[in-house]
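Coordinate analysis (summary)
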Amino acid sequence: MKSIKRLVFGAVSMVLAATSVSGIAVAGGHGWEPTKPIDFIIMAGKGGGADKMARLMQAIVEKENLSNRPLVPTNKSGGSGAEALIAASKANDPDHTIMVTLNSFYTTPLRQPGLKIDSLSFAPVARMAEDTFLLWVHKDSGLKTFAEFLAKAKADGNKWVMGGTGKNSEDNIITDFLNDNYGLSMKYIPYKGGGAVAKQVAGKQLNSSVNNPSEALGFYESGDMVPLVAFTKSRLPMFPNVPTLSEVFAGGKQISWSYFMQRSVVGAPGMSEKAQAYYTDLFAKVYASKDWQTYKSKKSLMGDLMSGAELKAYWADQIANHTKILKASGAIK
């Protein structure tokens, strides 16, 4: 992992690049500041990873006095993020509207073409991290390995219930992957937020989940939830004893597969270059803060800071990748 010194240097370099691209050469580096509270849309429900991330960023901005106007978080989780996408795309004041996104930023427009929303029309402010996924069960299930999970889930058929955040969301994609590749027929039930999903597993109302670490951490620390496998390229430092999917031979096969969720901040379509430069500057400072780096480490978040044209190219690649994934699962034609 990069040192804080290198992260700060990278963040500063990114800010300078952003201001240069937008042709701003005035005191303060951006030439624009908000004149009213900033609408900070959260593309998920309360208690989930996106919500926790957004509220931490808001707290860092206030603590470090990074903005002359406050960020005002608003959860809009309806329609697997469609509510948030519509609100941002129709913002009356794009320069005062930003949004925290996850992978439904790509998948919801793909699944709901009637929305007529182009993900690439949003302003690329900052990718703050990529979040990870683990397979979770309750400790009382008695399951201790991924192989045991597969055997139990296969025996229970559609009586085995996997909970997740939203229909055809990241959690749904992983559930479909497990069903398709291991001959399972788990039933998937969508919820509005990852926090609600973790609570249902901890309360034994759901058999399993693929919660992000930040969403299930409290129940993991209390001993209620147990992680069985990580959908990452390498083991997570916080869970050194949890194998990755590519490590395990289960269900008669070994599969190398990983899946990540973006944790990005985007600007509303139509945002001015000066406002985009301001928010790029703002979130570069948030990223370089001690609080954010500590959070990234403690919540097993991966990925470096990304913005501008690089972030937009990343989105284009992810849209192409998710188009293939959704077509393979039958979610889109």
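Quick caveat, the model's predicted, so the values are computed rather than measured.

We now examine the overall build of the protein chain. Each helix and strand in the protein chain was counted, giving 11 helices and 10 strands. The C-alpha radius of gyration of the protein chain comes to 20 Å, within 12% of the 20 Å expected for a compact globule of 333 residues. In terms of overall dimensions, the protein chain has a C-alpha envelope of 65 × 45 × 30 Å along the principal axes. Looking at the 333 residues of the protein chain, the share that counts as buried comes to 55%. Counted over contacts in the protein chain with a minimum sequence separation of 6, partners at least 24 positions apart contribute 78%. When the accessible surface of the protein chain is summed, it comes to about 14200 Å², and 52% of that surface belongs to carbon and sulfur atoms.

Within strand E5 (residues 134–138), 5 of the 5 residues are buried, which leaves it mostly tucked inside the rest of the structure. As defined by bridge partners, E5 adjoins strand E9 (residues 225–230) across 5 bridges and the pair is classed as antiparallel. Residue pairing for E9: leucine 134 is matched across the bridge by alanine 230. Note: E5 against strand E8 (residues 208–209), 2 bridges, orientation antiparallel. Residue valine 137 lies in a different strand from E8, and its bridge partner there is serine 208.

Strands belonging to one sheet form pairs held by backbone hydrogen bonds; the direction of such a pair is parallel or antiparallel. Read across the sheet, 5 strands follow the order E7-E6-E8-E5-E9 without closing on themselves; strand pairing throughout is mixed. The open sheet has two free edges, formed respectively by strand E7 (187–191) and E9, since each of these has just one partner strand. Along the sheet, helix H6 (residues 170–182) makes contact with strand E6 (161–165) and E7, crossing E6 at roughly 150 degrees. Sheet strands in contact with helix H7 (residues 194–202) are E5, E6, E7, E8 and E9, and its direction is about 155 degrees off that of E6.

Taken over all residues, the pLDDT of the protein chain has a mean of 89, while the share at 70 or more is 91%. Taken together, the stretch residues 1–28 has pLDDT below 50 and engages in 29 contacts with residues farther than four places along the chain or on a different chain.

Another point: unusual backbone geometry. Peptide bonds are trans in most cases, and residues, glycine excluded, mostly fall at negative phi. The backbone of serine 80 sits at a positive phi, close to 55 degrees, despite the residue not being glycine. One non-glycine residue, lysine 116, lies in positive phi territory at about 55 degrees. Looking at the element boundaries, lysine 116 is found in the loop between helix H4 (104–111) and strand E4 (123–131). Classification of lysine 116 as exposed rests on a relative accessible area of 76%.

This part covers the pattern of salt bridges. Summed over all chains, the structure comprises 9 salt bridges. Note that arginine 55 and aspartate 51 form a salt bridge whose closest N and O atoms lie 2.8 Å from each other. One end of the pair is arginine 55 and the other is aspartate 51, both in helix H2 (residues 49–63) and 4 residues apart, which spans about a single turn. Taking the relative accessible area as the measure of exposure, arginine 55 reaches 32% and is therefore partly exposed.

The next point concerns helix H8 (residues 213–221). Pro213, Ser214, Glu215, Ala216 and Leu217 are the residues of H8 that are buried. Among the residues trailing H8, glycine 223 stands out with phi positive, at a value near 90 degrees.

It is worth spelling out empty space enclosed by the protein at this point. Going through the model one piece at a time under the given rule, you end up with 2 cavities of 30 Å³ or more. For the largest cavity, the calculated volume is near 100 Å³. Taken together, 18 residues make up the lining of the largest cavity; nearest its centre are Leu102, Thr165, Gly194, Glu215 and Met261. If you list the elements that add at least two residues to the lining of the largest cavity, you get H2, H6 and strand E10 (261–267).

Relative to the assigned elements, glutamine 262 resides in strand E10. What makes glutamine 262 buried here is its relative accessible area of 0%. At 3.2 Å, the side chain of glutamine 262 and the side chain of tryptophan 315 are in polar contact. In contact with glutamine 262, not counting residues within four places along its chain, are Thr101, Leu102, Asn103, Phe105, Tyr106, Ala129, Tyr314 and Trp315.

At a minimum axis separation of 8 Å, H7 and H8 run at an interaxial angle of 30 degrees. With respect to H8, the axis of H7 lies roughly parallel. Considering only the axes of H7 and H8, their crossing is right-handed. Together, Gly194, Ala198, Lys199 and Ala202 of H7 and Glu215, Ala216 and Phe219 of H8 make up the contact between the two elements. In terms of residue class, the contact of H7 with H8 is made up of 4 nonpolar, 1 polar and 2 charged.

Taken in spatial order, the 5 strands line up as E2-E1-E3-E10-E4 in an open sheet, and their pairing is mixed. The open sheet terminates on both sides in strands that have one partner only, identified here as strand E2 (71–75) and E4. Adjacent strand axes in the sheet meet at a mean angle of 20 degrees, parallel and antiparallel pairs treated alike. Bridge count for E4 against E10 is 7 bridges, and the pairing is antiparallel. Following the sheet pairing, proline 124 is matched in E10 by valine 266.

Rules used throughout
Residues numbered from 1 in each chain as written. Predicted model: local features only at pLDDT ≥ 70, side-chain atom pairs only at ≥ 80, totals over all residues. Heavy atoms only, no water. Helix = DSSP H or I, 4+ residues; strand = E, 2+ residues; numbered from the N terminus. Rg over C-alpha atoms; globule rule 2.2 N^0.38 Å. Buried < 20%, exposed > 50% of the residue type's maximum accessible area, 1.4 Å probe, protein only. Contact = heavy atoms within 4.5 Å. Areas by Shrake-Rupley, 256 points an atom, 1.4 Å probe, with all protein chains shown as cover. Pairing = 2+ DSSP bridges. Axes fitted to C-alpha atoms, helices over the stretch in contact; angles between N-to-C directions. pLDDT = per-residue confidence, 0-100. Salt bridge = Lys/Arg side-chain N within 4 Å of Asp/Glu carboxyl O. 1 Å grid on protein atoms, 1.4 Å probe; cavity = no way out; pocket = protein on both sides within 12 Å on 5 of 7 lines; lining within 4 Å. Points joined across faces, edges and corners; volume = space filled by probe spheres on them. Polar contact = N/O pair within 3.5 Å; in protein donor to acceptor, adjacent residues only side chain to side chain. Parallel < 35°, antiparallel > 145°, perpendicular 65-115°, else oblique. Left-handed = near helix turned anticlockwise from the far one by under 90°. Nonpolar A, V, L, I, M, F, W, Y, C, P; charged D, E, K, R; others polar.

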